[in-house]
Structure formats: structure tokens, C-alpha cells
Amino acid sequence: MLALESGERRSDPHVSTFAVVALSASLTAAMGALFGAWLSLRSGTAVWPPKGVVIQNYYGTTLSITILLGALAAGWGLYGVVKGERSQAIAGYIFLAIFGGAFVNLLTYTLRVARFGPATHPYGALVFAFGAVVGTATVVAIGMALVAVARLLGSQLSAGEPALAYSIAWYWLAVMIAWFVMYAAVYVVK
Amino acid sequence: MTLTATRSPDVPVAEPTVPVLVPEHWLTTSDHKRLGRMYVAMSLLFALVGVGVGLAMELQRATHQGRIVGSDYSQLFSLHSTVTVLLFLGPLWVGLATYLVPLQIGARGLALPRLQALAFWLFVTGGLLLLGSYVFGRPNGAGIALSQPLMAPKGGASRATDLWAVSLIMVTVASLLAAANLFTTLVRLRADGMTLPRMPAFSWSVLATSAATLLSAPVFIVGMLLVYLDEHFGGTVFATGQVNANVVWQHLVWMYGRPDVYLLFLPSLGVVSDVVATHARRPLFMAPIVKGAMFAFAVLSFGVLAANRTAERAVILPLPTLLSAGMVLPAGLCLLLWLGTVRPAELRLHVSLLYVVGFVVLCLLGGLNAVIAAIRGVDGGSAWSTGQIHAVLFGAPILAAFAGVYHWAPKIWGRALRPTLGALQMLLLFGGFVVSAAGSWLLGYDGAPWHVADLTGPGTKTAWLALVRLEGLGGMLITLGLLVFLLNLGVSLRGPVGEGDPYEGTTLEWATPSPPPPDNFDYVIEVRSDRPLAEVTASAPGPGGEAD
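The shown structure was predicted, so the numbers you read here are calculated from the model rather than taken from an experiment.

In terms of regular secondary structure, chain B is built from 15 helices and 1 strand. A burial count over chain B gives 58% of its 548 residues as buried. A separation of at least 24 residues holds for 82% of the contacts in chain B among residues at least 6 apart in sequence. Per element, the accessible surface of chain B, about 21000 Å² overall, is 68% carbon and sulfur.

Regarding its fold elements, chain A presents 5 helices and 1 strand. Taken from N to C terminus, the helices and strands of chain A fall in the order β-α-α-α-α-α. Seen through its C-alpha atoms, chain A measures out along the principal axes to roughly 70 × 40 × 25 Å. Counting all 190 residues of chain A, 51% fall into the buried class. Of the contacts formed within chain A by residues at least 6 apart in sequence, a portion of 78% connects residues at least 24 apart. Within the structure as shown, chain A displays about 8300 Å² of accessible surface, and the carbon and sulfur contribution to it stands at 66%.

Residues and elements named next belong to chain A. By secondary structure assignment, the location of isoleucine 67 is in helix α2 (residues 57-82). Taking the relative accessible area as the measure of exposure, isoleucine 67 reaches 0% and is therefore buried. Between the C-alpha atoms of isoleucine 67 and alanine 33, which are 34 residues apart in sequence, the distance is 22 Å. Sequence-distant contacts of isoleucine 67, defined by excluding residues within four places in its chain, comprise Phe103, Trp172, Val175, Met176, Trp179 and Phe180.

So, about the pattern of salt bridges. Residues and elements named next belong to chain B. Counted by the stated rule, this structure contains 2 salt bridges over all chains. One salt bridge in this structure joins aspartate 519 and arginine 108, with 3.9 Å as the shortest N-O distance. With a gap of 411 residues between them, aspartate 519 in the loop between α14 (463-492) and β1 (523-525) and arginine 108 in the loop between α2 (73-104) and α3 (113-136) connect regions that are remote in the sequence. Taking relative accessible area as the criterion, aspartate 519 reaches 40% and is therefore assigned partly exposed. For arginine 108, a relative accessible area of 34% corresponds to the partly exposed category.

Residue and element names in this part refer to chain A. One way to put it is that α2 packs onto helix α5 (residues 163-188) with a least axis distance of 9 Å and a crossing angle of 170 degrees. Accordingly, the angle class assigned to the pair α2 and α5 is roughly antiparallel. Residues that form the contact of α2 with α5 fall into these classes: 19 nonpolar, 5 polar and no charged.

Tracing the sequence through the fold places threonine 138 of chain A in helix α4 (residues 122-153). If we ignore the near neighbours within four places in the chain, the residues touching threonine 138 of chain A are Gly100, Phe103, Val104, Trp172 and Val175 of chain A.

Attention now moves to empty space enclosed by the protein. All names here are of chain B. Here the structure, examined in full by the defined rule, presents 2 cavities of 30 Å³ or more. Each pocket or cavity is described by its volume, and for the largest cavity that value is around 460 Å³. At the level of secondary structure, the elements contributing two or more residues to the lining of the largest cavity comprise α2, α4 (159-188), α5 (201-232) and α6 (245-263). Its residues assigned to classes, the lining of the largest cavity comprises 20 nonpolar, 7 polar and 1 charged.

Turning our eyes to something else, we now look at the confidence of the model for chain B. All names here are of chain B. When pLDDT is averaged across chain B, the result is 82; 82% of the residues are at 70 or more. Per-element confidence in chain B is highest for helix α7 (residues 266-280), whose mean pLDDT is 94, and lowest for α6, whose mean pLDDT is 66. pLDDT under 50 marks residues 144-156. Its contacts with residues more than four places away, or in other chains, come to 37 contacts. Segment residues 543-548 is flagged for pLDDT under 50; beyond a separation of four residues in sequence, or across chains, it makes 7 contacts in the model.

Next up on the list: the packing of α4 of chain A against α5 of chain A. Residue and element names in this part refer to chain A. Contact geometry of α4 with α5 gives a least axis separation of 10 Å together with a crossing angle of 160 degrees. As judged from the angle between their axes, α4 and α5 are roughly antiparallel. The way α4 lies across α5 gives a crossing that is left-handed. Residue composition of the contact of α4 with α5, by class: 21 nonpolar, 3 polar and 1 charged.

The subject of this paragraph is the nonpolar core. The nonpolar side chains of a soluble globular protein tend to be buried, and buried together. Formed by 147 residues in total, the largest nonpolar core has its most connected members in Phe123, Phe202, Leu269, Trp338, Tyr355, Phe359 and Phe402 of chain B. Discounting chain neighbours no more than four positions away, the residues touching tyrosine 355 of chain B are Leu399, Phe402, Ala403, Tyr406, Gly422, Gln425, Met426 and Leu429 of chain B. Within the second largest apolar cluster, 68 residues are counted, among which are Ile142, Ala145, Leu157 and Val181 of chain A.

Glancing now at the environment of tyrosine 39 of chain B. All names here are of chain B. You can see tyrosine 39 is positioned in helix α1 (residues 32-62). Of the residues examined, tyrosine 39 reaches a relative accessible area of 3% and is grouped as buried. Along the chain, tyrosine 39 and proline 532 lie 493 residues apart, while their C-alpha atoms are 29 Å from each other. Sequence-distant contacts of tyrosine 39, that is, excluding residues within four places in its chain, are made with Pro91, Val94, Gly95, Thr98, Gln116, Ala119, Phe120, Phe123 and Ala178. At 3.5 Å, the side chain of tyrosine 39 and the backbone nitrogen of phenylalanine 120 are in polar contact.

A few words now on the packing of aromatic side chains. Pairs of aromatic rings are described using the distance from one ring centre to the other and the angle between the two planes. Tallied over the full model, the rule gives 31 aromatic pairs over all chains. Between tryptophan 338 of chain B and phenylalanine 359 of chain B, the aromatic rings sit 6.2 Å apart at their centres with planes inclined by 55 degrees, giving tilted as the arrangement. Taken together, the residues span a long stretch of sequence, with tryptophan 338 of chain B in helix α10 (residues 328-341) and phenylalanine 359 of chain B in helix α11 (residues 351-376) at a distance of 21 residues. Residue classification places tryptophan 338 of chain B among the buried residues on the basis of a relative accessible area of 5%. Owing to a relative accessible area of 2%, phenylalanine 359 of chain B belongs among the buried residues under this scheme. Taken together, the aromatic side chains of Trp38, Trp48, Phe116, Tyr123 and Phe130 of chain A make up a single cluster linked through ring pairs.

Residues and elements named next belong to chain B. Residue glycine 395 marks the point of greatest curvature in helix α12 (residues 383-412), where the axis turns by about 40 degrees; the proline proline 397 follows within four residues. Counted residue by residue, α12 has 27 buried out of 30 residues, so it is predominantly covered. Glycine 414 sits one or two positions beyond α12 and adopts a positive phi of about 80 degrees.

To continue, consider a nonpolar patch on the surface. Residue and element names in this part refer to chain A. A contiguous nonpolar surface patch, about 330 Å² in accessible area, is contributed by Val21, Trp170, Leu173 and Ile177. For the nonpolar patch, the element with the highest residue contribution is α5, accounting for 3 residues. One can find leucine 173 in helix α5. Judged by relative accessible area, which is 37%, leucine 173 ranks as partly exposed.

A separate point is the side chain of histidine 279 of chain B. Residues and elements named next belong to chain B. Relative to the helices and strands, histidine 279 is located in helix α7. Overall, histidine 279 belongs to the buried group, its relative accessible area being 0%. At 3.5 Å, the side chain of histidine 279 and the side chain of serine 352 are in polar contact. Not counting residues within four places of it along the chain, the set of residues in contact with histidine 279 comprises Glu346, Leu347, Arg348, His350, Ser352, Leu353, His407 and Tyr503.

Looking now at the state of the cysteines. Evaluation of the coordinates by the stated rule reveals 0 disulfides over all chains. In this structure cysteine 334 of chain B is not part of a disulfide, and its nearest cysteine sulfur, from cysteine 363 of chain B, lies 11 Å away.

Cut-offs and rules
Residues numbered from 1 in each chain as written. Chains lettered and ligands numbered in written order. Predicted model: local features only at pLDDT ≥ 70, side-chain atom pairs only at ≥ 80, totals over all residues. Heavy atoms only, no water. Helix = DSSP H or I, 4+ residues; strand = E, 2+ residues; numbered from the N terminus. Buried < 20%, exposed > 50% of the residue type's maximum accessible area, 1.4 Å probe, protein only. Contact = heavy atoms within 4.5 Å. Areas by Shrake-Rupley, 256 points an atom, 1.4 Å probe, with all protein chains shown as cover. Salt bridge = Lys/Arg side-chain N within 4 Å of Asp/Glu carboxyl O. Axes fitted to C-alpha atoms, helices over the stretch in contact; angles between N-to-C directions. Parallel < 35°, antiparallel > 145°, perpendicular 65-115°, else oblique. Nonpolar A, V, L, I, M, F, W, Y, C, P; charged D, E, K, R; others polar. 1 Å grid on protein atoms, 1.4 Å probe; cavity = no way out; pocket = protein on both sides within 12 Å on 5 of 7 lines; lining within 4 Å. Points joined across faces, edges and corners; volume = space filled by probe spheres on them. pLDDT = per-residue confidence, 0-100. Left-handed = near helix turned anticlockwise from the far one by under 90°. Core = buried A, V, L, I, M, F, W, Y, C linked by side-chain atoms within 4.5 Å. Polar contact = N/O pair within 3.5 Å; in protein donor to acceptor, adjacent residues only side chain to side chain. Phe/Tyr/Trp six-rings, centres within 6.5 Å; stacked < 30°, edge-to-face > 60°. Bend = angle between axes of the 7 residues up to and from the residue. Patch = residues over 30% accessible without salt bridge, like charges linked within 9 Å, V, L, I, M, F, W, Y side chains within 5 Å. Disulfide = S-S within 2.5 Å.

This is how it looks when you write it as C-alpha cells:
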């Protein structure tokens with residue numbers, strides 16, 4: 001057959017997933033740039049953490065656990081969508097939104113009690129920039145999870161149309177990478 | 001089998017829409033054709049602002065008193081460079097790509113049309129806020145393409161600088177979203193049989209540019225975020241005296257700035273390849289090599305970062321200039337293969353070819369000047385660099401973009417633009433860029449610094465004033481050229497709608513009426529080569545003959 005009529009054109013269910021993966025690559029590039037700036041600053045200034053700043057590993061560990069729980073929830077939602085179990089999928093995405101919210105809440109709290117900021121030390125601007133990028137990315141993920149819930153309720157997200165579920169799974173992976181880049185800079189590289 | 005034989009009788013042929021300058025529903029449209037036209041229109045409006053500011057700066061330098069823009073020179077310099085690069089040239093390419101890419105690959109639209117609408121309005125809002133930041137106050141002078149730290153004294157939060165940083169973040173996020181959308185469209189929505197190597201050259205260049213933008217633009221966004229945190233909270237990352245401020249800034253933002261400079265040039269190679277092949281009425285000579293060269297150009301653009309020897313504590317490689325010089329190879333290869341494509345006897349003389357000639361001449365002039373400057377040891381921080389930027393990195397892509405506009409005008413607006421006015425515009429633009437760059441080059445050879453508000457103080461030469469005036473004359477010619485284009489557009493759009501394929505084109509955008517119907521194609525051809533329409537035409541029956 002030489003031609004397909006316009007109305008017969010195959011639809012690609014994974015177009016949006018592909019775009020999300022492309023943008024996730026950009027998120028990773030942004031975190032890589034911040035990590036580079038961090039290393040660049042470290043190479044010529046006082047050691048990290050600056051004097052008077054106490055880094056509590058407890059917060060970092062808790063944030064890591066929270067984001068990993070979010071990954072489980074994203075997988076739960078995807079499983080529910082692919083298997084056609086709507087209630088399971090809804091539960092998964094509600095938990096994802098909750099874990100995302102908890103992560104953002106703890107992240108902002110961690111920055112608030114850090115006893116330093118952009119005005120007090122060059123590292124402050126970098127830590128806050130890390131936090132801003134990771135926090136914004138997580139808020140977007142929460143929004144996607146809530147849209148998924150709405151679409152599940154409206155039967156617009158199903159095993160036949162799973163693109164959003166795959167998009168959320170890929171995107172959460174990028175958010176996790178973003179967080180662990182920040183974690184490595186702030187908590188691991190001494 | 002012919003093209004018409006495959007048309008289903010049940011599928012009505014859509015009437016061509018009547019093109020208008022301001023499309024109806026322009027606030028809510030997600031149609032890639034309207035968005036493409038709107039991108040082009042907005043970029044031209046921003047161009048007038050950027051060029052106007054540049055003229056005011058040149059007038060200041062050309063007068064002895066230098067009081068036209070006064071002490072605002074460095075701020076206006078930043079405005080001129082950011083508007084012309086980020087709000088004019090970049091969006092002009094995005095506009096052309098938004099309109100043409102789906103048509104060239106046989107798609108009914110963009111992969112995510114509403115995302116492109118979001119990107120457009122983000123670009124417009126960001127652009128207006130950027131101009132607005134100069135209404136609120138005076139944002140700190142940040143230098144061309146932000147390649148140096150903010151050197152202005154810290155005086156607490158400045159609303160103008162805050163707004164300036166936020167607006168640039170918005171504009172860059174817009175370009176990122178557009179790049180993701182175009183990249184996805186090109187990878188996922190190609191017509192059946194259209195493999196990546198079979199894509200038209202312009203679409204191929206957009207693919208390479210989008211991929212590189214996805215990796216480089218986030219670096220700039222992060223840099224501007226740090227600027228915002230620094231400025232808004234009185235931070236010290238980029239403070240003067242901070243030990244590693246220059247290292248952080250230069251290494252971070254050059255990771256964006258260097259590729260971006262070349263990515264603004266890259267679509268030129270695609271446009272010229274398509275224009276030359278169409279009007280030469282021949283396949284692009286060694287097309288896979290041309291496409292490979294474009295891909296290499298995008299990859300190598302990241303490597304030029306390592307050649308930035310002026311950065312503090314830069315990574316000095318054994319042969320740093322090799323990475324800069326390496327950029328010339330893919331572009332030079334394309335030039336040779338374009339020459340190999342053209343046979344004078346078969347050439348269709350179209351006004352877009354004038355722009356191609358101008359593009360090539362500007363590139364050659366820039367290359368020649370680079371050799372002379374290297375031999376004479378001209379300082380990279382002199383006015384010579386201004387000439388190089390205006391001629392090669394800005395002037396040449398502008399001419400290539402207008403080559404594309406004139407070439408695809410029958411598709412975009414349904415009407416060909418007037419060739420006489422087109423030729424006049426080309427002469428004005430080309431002359432303007434050459435005259436302006438010549439002034440800067442000569443200033444640089446004589447040791448004049450760049451980015452200086454007044455060249456009449458101590459340590460300057462009297463002859464410099466004449467050269468500065470030459471730069472100003474070039475700026476005026478460029479402004480006139482842009483105005484002639486707007487006149488041409490206004491005059492030409494009053495004419496009757498033309499035919500769908502005025503050039504006997506061989507790529508898919510010429511398979512649909514001009515301007516195209518809402519869904520672009522009534523049916524989609526299965527592509528079997530990189531010249532799908534030529535294949536269909538060749539298999540068409542002659543008078544009384546049989547189709548294959």
C-alpha cells in the first residue's frame with residue numbers, strides 16, 4: 001500500500017512518554033551542571049561544609065528513603081494501569097503524590113534549618129539551587145500523579161492508553177537521579 | 001501507481017485556509033502552522049527592538065559626547081545581545097522548524113501541539129518581561145550571552161535584575177520545551193518508510209539542534225538560577241573577589257554558551273542544503289555526508305568549550321585551537337557538497353539563492369579574517385570579535401534563515417514573496433553586515449577594545465571614530481533590510497493564493513496545498529527514498545500511459 005489516509009494513520013501511544021524521557025535527560029543535564037559548579041567551587045574555597053554548618057545525615061537518609069518509596073508507588077500505579085486494575089492504580093498514584101509531598105516538605109524544612117543560605121556563603125546558593133531544581137521537579141511529578149488519578153477516574157488512563165503511566169515512571173526515575181546527585185554533593189562528597 | 005491514484009474519493013480535499021497576519025483564535029491555537037507563523041512574527045518584532053538598541057549604542061559611540069544612552073551603555077549592550085540572539089534568531093529558527101518539520105516528515109502535526117503553544121507563550125511572556133526589566137530599573141550589565149560574571153556592585157535585591165534573570169529562565173525553558181517537542185516529533189512521527197537518513201536536510205538539522213539544545217539549555221537555566229539566588233538574596237557565588245567566581249561562571253555557562261553559538265548556526269546548513277537541492281533540480285550531492293557533517297557539527301559544538309583559554313583555570317588541552325578549527329570542517333564539507341550539487345545550466349534562479357550566496361560569502365569572509373587575525377595576533381577581547389560575531393555567528397545565519405523564509409513562503413503564506421523586494425532586502429542585510437563587521441574588524445586590527453561606550457577618551461585614536469561610524473552605517477542598513485521584509489510581506493500577502501508546489505519539489509512539504517489544510521495531508525505517502533515526490537512523479541503515467 002502506497003498511502004494511508006489521514007484518518008487511518010497509526011497513532012503512537014508513546015509519543016508523550018518519549019517527550020518526557022527527553023525532558024528527563026535535560027533535568028539530569030541541569031543537575032550535572034550544578035554538580036560541576038559545586039566541584040568547581042570546592043576546588044578553590046573552604047572545605048564543605050562551611051564553618052558553623054552542621055550537616056545532619058538523618059535528613060538526607062530520610063529524603064532518600066522517601067523518594068525510593070515514591071518509586072515503589074510509581075511502579076504500583078504503572079502495574080495497576082497495565083494490568084487493568086484501576087483501584088490499584090489510583091492507590092499507587094495517590095501514594096506517589098503523598099510521598100512526593102512529604103519529600104518536598106522535608107526538603108524545604110532541611111533547607112530552612114540548615115543555618116546558612118545564599119546570603120551567608122557561596123555554598124548556600126548552590127545548595128538552594130540544588131533544592132530548587134529537585135523540589136520543582138518533584139512538584140511537577142506530584143502534578144502528573146494527580147492528573148493520572150483524575151484520568152483514571154475518567155477512564156482516560158487504561159491498559160489500552162498507558163502513556164501517562166509510563167511517563168510518570170520514567171519521570172520519577174529522573175527525579176530520583178536528580179535527588180541522588182544532590183545527595184552525593186551535600187552528604188557524600190566530603 | 002500515481003500520487004493521485006491513491007487519493008481516496010471519500011476524502012474531501014480541504015480548501016486552503018486564507019492566511020492572515022494575525023490568525024483567528026491566536027490565543028488558543030495549537031496548530032503548528034499558526035504557531036510557526038506567530039513565532040516568526042514575534043521574533044521579527046523583537047529583532048526591531050534589538051537592532052534599534054544596537055543603533056542607539058552605535059550612535060553614542062559615533063558622537064564625541066557620547067550622551068545618547070549615557071552610563072546605560074553596558075546595560076543596553078546586554079539588552080542588544082540577549083534580544084537579538086535569544087529573542088530573534090533562536091525563535092526565528094524555532095518558528096520555521098515548528099511550521100516545516102511536520103510537513104517535511106509527513107506528519108499531521110507536532111507530537112505535543114499544546115506543549116508548543118505553551119512554549120510560544122512562555123517565550124512571548126519571557127521576552128516582554130525581559131524588556132520590562134529595563135522599565136523597572138537597570139539590570140546589571142551581564143555581557144554578551146552572559147559569558148562573564150555579573151560585575152555590578154552588590155546593592156541588595158534589584159527588582160530589575162531579578163526580573164531579567166527570571167525572564168531569561170522563562171525564555172530558555174520555552175526553547176527547551178520546543179526542542180523536546182520537535183525532537184519527539186522527528187523521532188516518533190515520521191511517515192512510513194521515512195528513515196532518519198531519508199529525512200530532508202532541514203529536518204535533520206533541527207533534529208541535531210534539538211538534541212544538543214536538550215543537553216545545553218538546562219546548563220544555562222541553572223546558571224541563571226544561581227544568578228537569581230545571588231542577586232535576590234545578596235549572595236556571593238559570583239561576587240567580585242570570590243576566589244572561584246569566574247571559574248564557576250565561565251565553566252558553567254560556557255557549557256551552554258559555546259554550543260548555543262553554533263546551534264544558532266546549525267539550521268543554516270539544513271536550510272541551505274534544501275534550498276540548493278530544490279533549485280538545482282538535483283538530489284543533494286552525497287546527502288548522507290552532508291547530514292553526517294551536520295551531526296558532527298552539533299557534537300563538536302560541545303568540544304569548543306575546552307578551547308576557552310581565556311577562562312580562569314581553563315582546561316588547556318595540548319591542541320586547544322584544534323577544537324575550534326574542527327568546527328570549520330563539517331561546515332566546509334557542506335559548502336563543497338553544495339557546489340557539487342549545482343549545475344549552472346539546470347539552476348532555477350530564485351531569490352533565496354541570493355541569500356545563500358550572501359551566507360556563503362559572509363562565512364568565507366569570517367574564515368579569512370580568522371586566519372589574518374591569528375597571523376597578526378589580534379586580541380580576542382578586541383573589537384575584532386564584535387565583527388566576527390556580527391558577520392559569521394549572527395549575520396550568516398540571518399541570511400540563511402531569510403533564504404528559508406523566501407524559499408518556503410509559498411508554503412507558509414500561500415504566496416511567494418516579491419523577488420525584487422527580496423533582492424533589495426538581501427543587498428541591504430548583506431551590505432549592512434559586511435559594513436558593520438568591516439568597521440569592527442578594522443577597529444580590532446588597530447587595537448580598539450570591544451564593549452566600550454566611548455572611544456574618544458585617552459589612549460584612543462582619532463581614526464577610530466570613522467570606523468565606529470562605519471559600524472553604525474551597517475546597523476542602519478540592517479534595520480532598513482528588516483523593514484523592507486515587513487513591507488514585502490505586507491505587499492505580497494495581498495496577492496492571490498499560489499500553487500501548492502511551485503518548484504516541482506521532491507520533499508513531502510510540497511505534496512500538500514499551500515497553505516496546507518488543518519491536518520496537513522489528505523493521505524500520507526509511504527516513503528521509499530529521500531526524494532519521495534520525485535519517485536512518485538517518475539512513476540506517474542505519461543499521456544495515455546499506465547501507472548506502475
